[in-house]
Structure formats: structure tokens, C-alpha cells
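The lines below spell out each chain.
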Amino acid sequence: MVLLHVLFEHAVGYALLALKEVEEISLLLPQVEECVLNLGKFHNIVRLVAFCPFASSQVALENANAVSEGVVHEDLRLLLETHLPSKKKKVLLGVGDPKIGAAIQEELGYNCQTGGVIAEILRGVRLHFHNLVKGLTDLSACKAQLGLGHSYSRAKVKFNVNRVDNMIIQSISLLDQLDKDINTFSMRVREWYGYHFPELVKIINDNATYCRLAQFIGNRRELNEDKLEKLEELTMDGAKAKAILDASRSSMGMDISAIDLINIESFSSRVVSLSEYRQSLHTYLRSKMSQVAPSLSALIGEAVGARLIAHAGSLTNLAKYPASTVQILGAEKALFRALKTRGNTPKYGLIFHSTFIGRAAAKNKGRISRYLANKCSIASRIDCFSEVPTSVFGEKLREQVEERLSFYETGEIPRKNLDVMKEAMVQAEEAAAEMARKLEKQEKKRLKKEKKRLAALALASSENSSSTLEECEEISERPKKKKKQKPQETPQENGMEDPSVSVSKPKKKKSFSKEELVSSDLEETAGSGSLPKRKKSFPKEEPVSDAEEAANRSIPKKKRKFSSKEEPLSSGPEEAVGSKSSSSKKKKKLQKFSQED
């Protein structure tokens, strides 16, 4: 008897369930379908065999990617090998996705089944999964599903292999839209400006040139010989410029106001800017096609190749198409209409815009389109699956199409495909070697620039470090000098100076009157003459006038040093002489101070 197991993939892990012996026909009955919705009845049919939770969200994302790609992950392999019976012939495994079922059957050897009864059972498992697994709530299961869905979508968008093809698809779509819009706007400018200058429409056929001329000319009555040179620049034809000048003088158009001209000129400038943007977009498309599909671009052109990629969805999808599908790609309506009415099927689709079909004779258009579709299919496969993009194969395939076209016209036998491909392989190898040499040179240049930049940075950092060291040395030297100057600035003379006076440093010399300075000098001399006697009584003489205290503070320190030096030398009657000489010097200095004041 074959045991039926069901594999269920959830955002939190894999679940393996076993079905009890129930006939498949009875499972499809409406009563049994209703019992799937009831948890109690559903437990009688299904029981949980094993549950393998995912360790983290990253592991869950890896398993989800593996299941979507039809690959058996190691976690899934371990679960099936551990909990399924060893006799593989007696096991039937039900899965929801046929791709993963085929992978399991190929790698592990278990018979897999999808659809029918399995889909009904998986519907019930999905409904009652949080009740089948212990410790899992409905809220946590929903959160896990939401998180895995976001991470899966983000990874698919981020690591999309067709992300470069998407740029080509959008560019060619915008290019086609711009062509339609520019054509419509140019016709509007022609009709609007034609009321004023109708002869210009017959002279100039190009839409962009017409809009530039309408913007430049403005009022036709103001057009004269001075503007002829500018007209030649715009038209790039002296005869047309002369014809425009002659037509402006004898024009049948009506007069137009200034405000109408302003609106026409502004609209013409918009059309001109759109046509310029269309040219830049075409340049961008050519560069993209040369990077993504160089062989297809060399064979059939950038615009037609981009349209084929856009119609197929991506370059990979185009490479998967057979040549018969590439031939009628873009003519699906005509194909199905011909199949419906039993008429003739279309011979070409988008490849009709290539130059080869237009150059061929009417009887050979079908042949050359079939041959060109074959070469386009080969070129798209080379571009899609080659590691180094090169246009060598496209150029050789184009030569083959040219030879086949000349064969239809003249009967000249073309070269064999084998010989052409051998030549292409040799040239491709040479081109790859040349590209490798260029890349090596670029890498060497980049390394040299990097070395120079690193050397400059190292030199700059060494200079900065040396400058910072010098600054630190200067800063460390400055406080040392200040410490040496402090004891010189505030000497103490045997306790004669008041501590309050010695601490407070005079910032600026104050100017005093002569009388105050004389009285302070007399008191200083008297004090210096009787120093040993008044040592003990010095603290008692505190009541001193404010003027005298200020004078004591304003006395320069050099004088105090002088008196300190003279003290050990002067003794007895010589003190008076020293004091007199000092008083005379003080008077002279007082006179100098008074003169400066």
C-alpha cells in the first residue's frame, strides 16, 4: 500500500504531513470538501509528521528562492531523508509546485504528485497550519509571511538579471513616444506660424529646422540681408536661405501681433528642446546597446535591436525564441488574423525596419527576412551568454546577410557559415586579448594614481604631525617662562610688603598729583631710614589714607629692588645719604611723570 505524504512550505519552515487511508474519490465529494474547513474533521484526515523551522529570516529567504527556482535546498533534503520511509517505492509525496516536485523526484527518487486531491489538502493545511504546529499563533504566522514577502520581493528587484535590459526597454519606448509628440507639436507650429509666413512650409521640410527658423525669424517684415548669414547656419544651405529671404519680402501671410509672436516663439523653443533631448536620448540608447547587445546592434541596428528586446521583455527571452518567432515578432495581430481567416501569414514583423528587407526585391523579401531572423537569433544568443561582449560576431553575421542579398540579385555563391564563424572566433580572441591589455594598462594607471595619492596623504600627515609637535613644544615652553618671571616680579623685602599688595599686580601705572607723590616719597624715605626699629610696630600702622595706599601700590618695583640692594651696604650715618640721593632721583622721575601727564 502506498502512503501519501504532503509537503507544505511556509514562511516559518517546512511541514511534512501524512494522510490517513482515504479513497481519493471520497476526498472530492462536497461533504469531504466541507470537512476540510472544520478543524476537528480535518485532524481525522491529516496528521503532522515533522516540522522543520527556519533558523533566521535569511535562511527563510534562501529556501524561498530555492523553491521558486525549483532547487532542492539542504534543509528540505534533510527533512525528507530523515522523516520519509526508507522504501521509496511505497511513498507518494504531494507538493504544490510541479517544479520542486520534479527536482525532488530527480534528486531523491520519491514519486511526486501535484494537483487534484493535493491542492484540496494543501488548502486545508494552509487554513489550519497555526493549529497543527504547537507554539505557533496566527499573528506570528502572519508576521512571518509579511516579512518573508517583503524580503523576497526586495531581493528579486535588487538582483534582477534584466535590470540593464530594463533601461533599454524604457529608452526605446520613450524614443518612440518622443517621435510622435515632436511630430504632433511640429505640425502645430507649422499651422500656427503658417498664418503669418505660409511660404516657409514649402521651403523647409524638416520639423526641427522649421521650429528653429520660426523662433529666429519672428516677424517676417524684420528679416533683412543682415540675418542672411544666420539663416544659412540654420538651414545649412545658401539657396534655401536666399529663398526664405525673397519669400519674406513678397509673402501673402497676414500681419501678426507681438503677443502672438511671443507665444509662437516660446512654443517653438519647447519643440526645439524636445528634439535636442531626443538626439541625446538616441546617443544614450546607442551606448547602452553597444554594452548589452553589441552583436545584435552591429547586425540589425540599435533601434531595431532595442525594439526586439523590448517586445520580447528581455535579452534572455529573445535568446530563447526560435528564429521563426523572431521573424514575426511584432506582427501577432496579422498572424492570428491570418490563422483565423485561413489567409497568408505575415512574412516579417519588427525586422521589416532593417535596411536589408527594404533593399531586397519583392519576390525575395520573405527569403531575406527568414535568413535575417535566423542571424538575429544567433546574435542575441551570443550577446546573452558570452562572457566578454564583442561586436565581431555581429559584423560577420552582417557580412553574411550582405552576401546572401547579393546572391539573390547576382547569383554569387556566399561563403559557408563554418568558415565565417572560424574567422570570427580568431578575431574575437584577438579582440579579447586587446581588451585585456587595455584593462591591464588602466589598472596599472589606477594603481600609480593610488600610490601617488597615498604618498601625498602620508606626506601631508607627517607635516601636520611635525607642525603639531612644534606647537606643543611652544605651548610647553610658554608656561615655564612665566614661572621664572613670577618671583622676579614679586620680591619680598624682609616682610616689608603687605601680602595684599604683593599678590595684587598693578596692571597700568596710574597718574597722581605731585603733592601725593611727594608725601608718599617722604614716607618711603622715613620708613627706609628706620626699618630695624619699626619691624615690630609695622602691623600697628594700619590707618593709612587712600591716597597713600594708592601711591604705595603705584611705586615701581625697581625702586624696591634698589632699596633692598642698598640695605646691606648702608649702615649708620650713610643711610641718610643714600636716602637723600634716592629722594632726589625720585623727584626727577616725578617731574618726568608730570611732564608726560
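These figures come from a predicted structure and were not determined experimentally. (Residues numbered from 1 in each chain as written. Predicted model: local features only at pLDDT ≥ 70, side-chain atom pairs only at ≥ 80, totals over all residues. Heavy atoms only, no water.)

**Comments concerning a positive patch on the surface**
Stated precisely, the cut-off is as follows: Patch membership requires more than 30% relative accessible area and the absence of a salt bridge. Residues of like charge join within 9 Å; the nonpolar side chains Val, Leu, Ile, Met, Phe, Trp and Tyr join within 5 Å. Per-residue and other accessible areas were derived by the Shrake-Rupley procedure at a 1.4 Å probe size, with only the shown protein chains allowed to occlude residues. Take a side-chain nitrogen of Lys or Arg and a carboxyl oxygen of Asp or Glu: if they are within 4 Å of each other, that pair is a salt bridge. Charged residues are defined here as Lys and Arg on the positive side and Asp and Glu on the negative side; His and the ends of the chain fall outside this count. For charged residues, the charge sits on one atom: NZ in Lys, CZ in Arg, CG in Asp, CD in Glu. Note on conventions: DSSP H or I runs of at least 4 residues are helices, E runs of at least 2 residues are strands, and numbering of each starts at the N terminus.
A contiguous patch of positive charge, built from Lys438, Lys441, Lys444, Lys445, Lys448, Lys449, Lys451 and Lys452, is present on the exposed surface. As for its placement among the helices and strands, lysine 452 is situated in helix α24 (residues 417-489).

**Details of the packing of helix α12 (residues 207-217) against helix α13 (residues 228-235)**
Rule in force here: Between the N-to-C directions of two axes lies an angle of 0 to 180 degrees, each axis being a line fitted to C-alpha atoms and, for a helix, fitted only over the stretch in contact. Angular relationships are summarised with four words: roughly parallel below 35 degrees, roughly antiparallel beyond 145, roughly perpendicular across 65 to 115, and oblique for the angles in between. Should the near helix be turned anticlockwise from the far one by less than a right angle, the crossing is termed left-handed; should it be turned clockwise, right-handed. Two residues form a contact once any of their heavy atoms are found within 4.5 Å. Gly counts as polar in this scheme, as do all residues outside two lists: the nonpolar Ala, Val, Leu, Ile, Met, Phe, Trp, Tyr, Cys and Pro, and the charged Asp, Glu, Lys and Arg.
In contact at an axis separation of 10 Å, α12 and α13 are set at 160° when each is read in the N-to-C sense. Classified by the angle their axes make, α12 and α13 are roughly antiparallel. As for how α12 packs across α13, the hand of that crossing is right-handed. Between α12, through Thr209, Arg212, Leu213, Phe216 and Ile217, and α13, the contact on the second element is made entirely by Lys230, Leu231, Leu234 and Thr235. Of the residues contributing to the contact of α12 with α13, the split by class is five nonpolar, two polar and two charged.

**Digging into the packing of aromatic side chains**
Test applied: Centre distance within 6.5 Å is the pairing criterion for rings of Phe, Tyr and Trp, where only the six-membered ring of Trp is used; planes under 30 degrees apart are then read as stacked, over 60 as edge-to-face, and the remainder as tilted. Remark: exposure states derive from per-residue accessible area (1.4 Å probe, protein chains only) relative to the maximum for the residue type, with buried under 20%, exposed over 50%, and partly exposed in between.
Enumeration over the complete set of coordinates arrives at eight aromatic pairs. An angle of 70° between the planes, with centres 5.9 Å apart, marks the rings of phenylalanine 185 and phenylalanine 267 as edge-to-face. You can see phenylalanine 185 sitting in helix α10 (residues 163-194) and its partner phenylalanine 267 sitting in helix α15 (residues 258-292), a full 82 residues away along the chain. Phenylalanine 185 gets classed as partly exposed once you look at its relative accessible area, which sits at 31%. Here the aromatic rings of phenylalanine 407 and tyrosine 408 are separated by 5.9 Å at their centres, their planes lie at 50°, and the arrangement is tilted. Its relative accessible area of 32% is what places phenylalanine 407 among the partly exposed residues. Pairwise contacts between aromatic rings join Phe8, Phe51 and Phe129 into one cluster.

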